[in-house]
Amino acid sequence: MGMGSAQQNRGIGRALARDEWQDLARKLDWRLSYVPEAQAFPEAVSGRPWLPQEAWSAWEEPFRTSFAEYARGQSDKEAAVAAVAEALGRAAERDRLAPEWNSGLKLHTALLPLAEFAAVVGNLRAARFGRTSAWRSTALFGALDELRHTQIPLRLMHPYLAADAQFDWTHRFYHSNDWVAIAARHCFDELLLLADPIEFAVATNFVFETGFTNLQFTALTALCDSVGDRLLEQMLSSIQTDEARHAQIGPAVLEILVQHDRAYAQYLLDKWFWRSFLLFAVATGFTMDYLTPVARRTHSFKEFMQEWVLEQFADSLARYGLQRPWYWPLFEQALDYYHHMVYASAYSYRASVWFHLALPGPAERDWLRGKYAASFPQLEPVWENIAREWERTDAGVDLAVHGTAIPTFCSLCQIVLCGGTPAQNSVCQCRHEGNTYTFCSEPCRWIFQQDPARYARHKDVVKRVLAGEAPGNLIAFLTQYSGLNFATWGKDAYGGDYAWLRRGPGEAGE
Amino acid sequence: MLTPLYGFLEGDTMGLLILAHEDWSMVRLAEQLRASARVRVAYEGPLAVFHDGRRLPTHYSVRDAGLAALDCVSVRRVSGAEHAPSASGAGDV
Ligand SMILES: [Fe+2]
Ligand SMILES: [Fe+2]
Ligand SMILES: [Zn+2]
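The structure contained in this document is the topic of the report that follows.

Conventions and cut-offs
- Residues numbered from 1 in each chain as written.
- Chains lettered and ligands numbered in written order.
- Predicted model: local features only at pLDDT ≥ 70, side-chain atom pairs only at ≥ 80, totals over all residues.
- Heavy atoms only, no water.
- Helix = DSSP H or I, 4+ residues; strand = E, 2+ residues; numbered from the N terminus.
- Rg over C-alpha atoms; globule rule 2.2 N^0.38 Å.
- Buried < 20%, exposed > 50% of the residue type's maximum accessible area, 1.4 Å probe, protein only.
- Contact = heavy atoms within 4.5 Å.
- Areas by Shrake-Rupley, 256 points an atom, 1.4 Å probe, with all protein chains shown as cover.
- Lys, Arg positive; Asp, Glu negative; His and termini not counted.
- Charge placed at Lys NZ, Arg CZ, Asp CG, Glu CD.
- Buried area = accessible area lost by both parts, 1.4 Å probe.
- Salt bridge = Lys/Arg side-chain N within 4 Å of Asp/Glu carboxyl O.
- Polar contact = N/O pair within 3.5 Å; in protein donor to acceptor, adjacent residues only side chain to side chain.
- Nonpolar A, V, L, I, M, F, W, Y, C, P; charged D, E, K, R; others polar.
- 1 Å grid on protein atoms, 1.4 Å probe; cavity = no way out; pocket = protein on both sides within 12 Å on 5 of 7 lines; lining within 4 Å.
- Points joined across faces, edges and corners; volume = space filled by probe spheres on them.
- Axes fitted to C-alpha atoms, helices over the stretch in contact; angles between N-to-C directions.
- Parallel < 35°, antiparallel > 145°, perpendicular 65-115°, else oblique.
- Left-handed = near helix turned anticlockwise from the far one by under 90°.
- Donors = N, O, S within 2.8 Å, 3.2 Å for Na, K, Ca; no water.
- Tetrahedral: all angles 85-135°; square planar, octahedral: opposite > 155°, others 65-115°.

Concerning the overall build of chain A
Line of reasoning, step 1. What chain A contains, in helices and strands, is 23 helices and two strands.
Line of reasoning, step 2. Relative to its length of 510 residues, chain A is compact, with a C-alpha radius of gyration of 24 Å against a globular reference of 24 Å.
Line of reasoning, step 3. Each principal axis of the C-alpha atoms in chain A carries an extent, and together these give about 95 × 60 × 40 Å.
Line of reasoning, step 4. Going through the 510 residues of chain A one by one, you find that 60% of them count as buried.
Line of reasoning, step 5. Sequence separation of 24 or more characterises 77% of the internal contacts of chain A that already satisfy a separation of 6 or more.
Line of reasoning, step 6. Accessible area of chain A: about 19,800 Å², with a carbon and sulfur share of 55%.
Line of reasoning, step 7. Distance from the positive charge centre (48 side chains) to the negative charge centre (59 side chains) of chain A: 3 Å.

Details of the interface of chain B and chain A
Line of reasoning, step 1. The interface is formed by 26 residues belonging to chain B together with 34 residues belonging to chain A.
Line of reasoning, step 2. Of the roughly 2,300 Å² buried at the junction of chain B and chain A (both faces included), carbon and sulfur atoms supply 60%.
Line of reasoning, step 3. For the interface between chain B and chain A, the tally reads one salt bridge.
Line of reasoning, step 4. Residues E389 of chain A and R38 of chain B are paired through a salt bridge, measuring 3.1 Å at the closest nitrogen-oxygen approach.
Line of reasoning, step 5. In this assembly, chain B and chain A are joined by eleven residue pairs in polar contact (both at pLDDT 80 or more).
Line of reasoning, step 6. Elements that contribute at least two residues to the side of chain B that touches chain A include exactly β1 (2-9), β2 (16-21) and β5 (72-77) of chain B.
Line of reasoning, step 7. Broken down by element, the side of chain B that touches chain A gets its largest block of residues, four residues, from β1 of chain B.
Line of reasoning, step 8. Residues of the side of chain B that touches chain A, tallied by class, amount to 14 nonpolar, five polar and seven charged.

Details of the environment of D52 of chain B
Line of reasoning, step 1. Relative to the helices and strands, D52 of chain B is located in the loop between β3 (47-51) and β4 (54-56).
Line of reasoning, step 2. For the pair D52 of chain B and G7 of chain B, spaced 45 residues apart in sequence, the C-alpha to C-alpha distance is 13 Å.

Focus: empty space enclosed by the protein
Residues and elements named next belong to chain A.
Line of reasoning, step 1. In this structure the tally under the stated criterion is eight cavities of 30 Å³ or more.
Line of reasoning, step 2. There is about 300 Å³ of room inside the largest cavity.
Line of reasoning, step 3. Residue lining of the largest cavity: 20 residues in total, with L112, A115, F188, F208 and F280 positioned closest to the centre.
Line of reasoning, step 4. Contributions of two or more residues to the lining of the largest cavity are made by α7 (99-111), α8 (113-129), α11 (179-194), α12 (197-227) and α15 (262-291).
Line of reasoning, step 5. Looking at the lining of the largest cavity element by element, the count peaks at six residues for α12.

Some points on the packing of α12 of chain A against α15 of chain A
Helix-helix packing is described using two parameters, namely the angle between the two axes and the distance between the axes.
Residue and element names in this part refer to chain A.
Line of reasoning, step 1. Two numbers describe how α12 lies on α15: the axes approach to 9 Å, and their chain directions differ by 25°. Relative to α15, the element α12 lies roughly parallel. Remark: the crossing between α12 and α15 carries right-handed chirality.
Line of reasoning, step 2. Across the contact of α12 with α15, the residue classes break down as 19 nonpolar, five polar and two charged.

Describing the coordination of the iron ion (ligand 2)
All names here are of chain A.
Line of reasoning, step 1. Protein-derived coordination of the iron ion (ligand 2) comes from E146 (OE), E209 (OE), E243 (OE) and H246 (NE2), at a distance range of 2.0 to 2.2 Å.
Line of reasoning, step 2. Its four donor atoms give the iron ion (ligand 2) angles of 83 to 154° at the centre, a pattern that matches the irregular case.
Line of reasoning, step 3. Mapped onto the sequence, the residues coordinating the iron ion (ligand 2) show the spacing E-x62-E-x33-E-x2-H.
Line of reasoning, step 4. In this structure, the iron ion (ligand 2) is positioned 3.2 Å from the iron ion (ligand 1), and both are ligated by E146. Taken as a pair, E243 and H246 lie in helix α13 (residues 230-246) at a separation of three residues, close to a single helical turn. Here E243 and H246 have matching classes, each one buried.

Re unusual backbone geometry
Line of reasoning, step 1. Across the junction of R48 of chain A and P49 of chain A, the peptide omega takes the value 0°, indicating a cis bond.
Line of reasoning, step 2. With respect to the helices and strands, P49 of chain A occurs in the loop between α4 (43-46) and α5 (67-88).
Line of reasoning, step 3. A positive phi angle, close to 45°, is found at E433 of chain A, a residue other than glycine.
Line of reasoning, step 4. Within the secondary structure, E433 of chain A is located in the loop between β1 (428-432) and β2 (435-439).
Line of reasoning, step 5. For D52 of chain B, which is not glycine, the phi torsion reads 55° and is therefore positive.
Line of reasoning, step 6. Residue D52 of chain B is classed as exposed on the basis of its relative accessible area, which comes to 59%.

Points about the pattern of salt bridges
When the charged atoms of two side chains with opposite charge come close together, those side chains can pair.
All names here are of chain A.
Line of reasoning, step 1. Tallied over the full model, the rule gives 40 salt bridges over all chains.
Line of reasoning, step 2. For the salt bridge of R18 with E69, the shortest nitrogen-to-oxygen distance reads 2.5 Å. You can see R18 sitting in helix α2 (residues 18-26) and its partner E69 sitting in helix α5, a full 51 residues away along the chain.
Line of reasoning, step 3. The partly exposed category is assigned to R18, whose relative accessible area is 31%.
Line of reasoning, step 4. E69 sits in the partly exposed class, given a relative accessible area of 26%.
Line of reasoning, step 5. When the shortest N-O distance is used, the salt bridge between K271 and E190 registers 2.8 Å.

Describing the side chain of T65 of chain A
Line of reasoning, step 1. Relative to the helices and strands, T65 of chain A is located in the loop between α4 and α5.
Line of reasoning, step 2. When its relative accessible area of 13% is taken as the criterion, T65 of chain A is described as buried.

Regarding the coordination of the zinc ion (ligand 3)
Residue and element names in this part refer to chain A.
Line of reasoning, step 1. Only C410 (SG), C413 (SG), C440 (SG) and C444 (SG) from the protein coordinate the zinc ion (ligand 3), and they sit 2.3 to 2.4 Å from it.
Line of reasoning, step 2. Around the zinc ion (ligand 3), the four donor atoms are arranged such that angles at the metal cover 103 to 117°; this shape is classified as tetrahedral.
Line of reasoning, step 3. One chain supplies every donor for the zinc ion (ligand 3), spaced along it as C-x2-C-x26-C-x3-C. Here the residue C410 occupies a position in the loop between α19 (376-391) and β1, and C440 occupies one in the loop between β2 and α20 (442-450), the gap between them amounting to 30 residues.
Line of reasoning, step 4. For C410, a relative accessible area of 0% corresponds to the buried category.

This is the structure:
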């Protein structure tokens, strides 16, 4: 409050206690008189259901941060990040770690920063059009949080760039037409840039941040500790402390939303749980089950999901009287298969991404079989076959063990059609205004069909190729369209040189 | 005329685009998908093409089968005895 002590003594007599002034600074809603409320907070921007201000008056979140507290806390966090950057931010530090772990880092630090920047926009929309001032105050801090989540990975990865051009993708990724970037943009444009504050609160703050980012920032942080990656650990936990605070917008909005339109709340939940799952399965699932050295793994992606996402998610659903998403059995199947299907596909198209992938050998496959007893036996023949292909090829001849045909993509999530199981892919289709749309899964089709006008005009990669907008030749597609080149595109993390491969002298170099 | 099709080979982890000639037989179509998926999937033996809940006779061409652009076909292993025109197959797309 900035009152001098002399003034305190003469005037009010004492400094106000925090609780006495706090709400003046962060929860002060007054009745509008110059314009109607619906004009200051139009439904198209503020979101639906449109409720009068009184309906939101009970909105509250537990942190109730003031700006002074925010600035102090963030300043300490910045100092801690700066210290770790100073101590560990040299390229040589990365060489201590396994190459596949560094691949996981490249995957994360490409997906993260510019998506966080898009989240600045989503938060700022809530900071203006959220329906109560406490929500708007918290969202304003959220926007400042997301700005540092943009800057931290860009800052921390920058020193690595000189020694490794793939780190350029920390910034370049979202500016490219790499298929993963197309998929990530398709999700994040809607989630972070287009969503009104109510949808943003349910989708980003509740589903994504309260639910899934725990996986990222708590479970993955534990793996960092196991692997010995102090820099990533510091980065993730610094970000997580912010997420834990501004994520509280989610439950606070959801609580009021379910009182007025439970069906809409359920729809938002069903839609965003699936979309979030697909993205995390790729980003976090790859890292946990394939890109962490096997001796350092503590839990599988599925176990982390069960511990950090599903238990808490089930509790929250019960609290708000919401149901599990209608596709729950499909989701449970996907927990066993989906990221394995995508990883095997991505490995065989690794030149289409900006990080190297590792081939699971006997030790990794034993671990995967132990963790995924029901599904991995069906995936194992794929790895045996890829290993045989490497045995027929000299180490380092990467494109000899690589797909050549054009992969196919989901019209909704834009990820490769890797749904279902090896025995039965879950592809499905629908027609809309004379066009065919193809989906990796029933939930993706359902999401499309709930709002076709939003999605129908987006072209997936196959439609871009068929329309002549992207080259159909794979190498041309990678270099001219995806923004990759031989130096940056993904290869086998060990150049296909694994001691366990049985490369006969006569067999190699075929 | 080339017909772009989504192909799903039994045992594979992903769908692949096949640009099929309209006079390709179902055998030729299935072999094309098998060749495209070779890095991940390798098994010998006869294959059959399924579309829209039915198995397409091996001697059918893409044109005969009425396959249109962006249709999904699944290609599955069949035993030698089955490797003849027949009615229905389980688990097609
Ligand atoms: Fe963030
Ligand atoms: Fe956030
Ligand atoms: Zn999809």
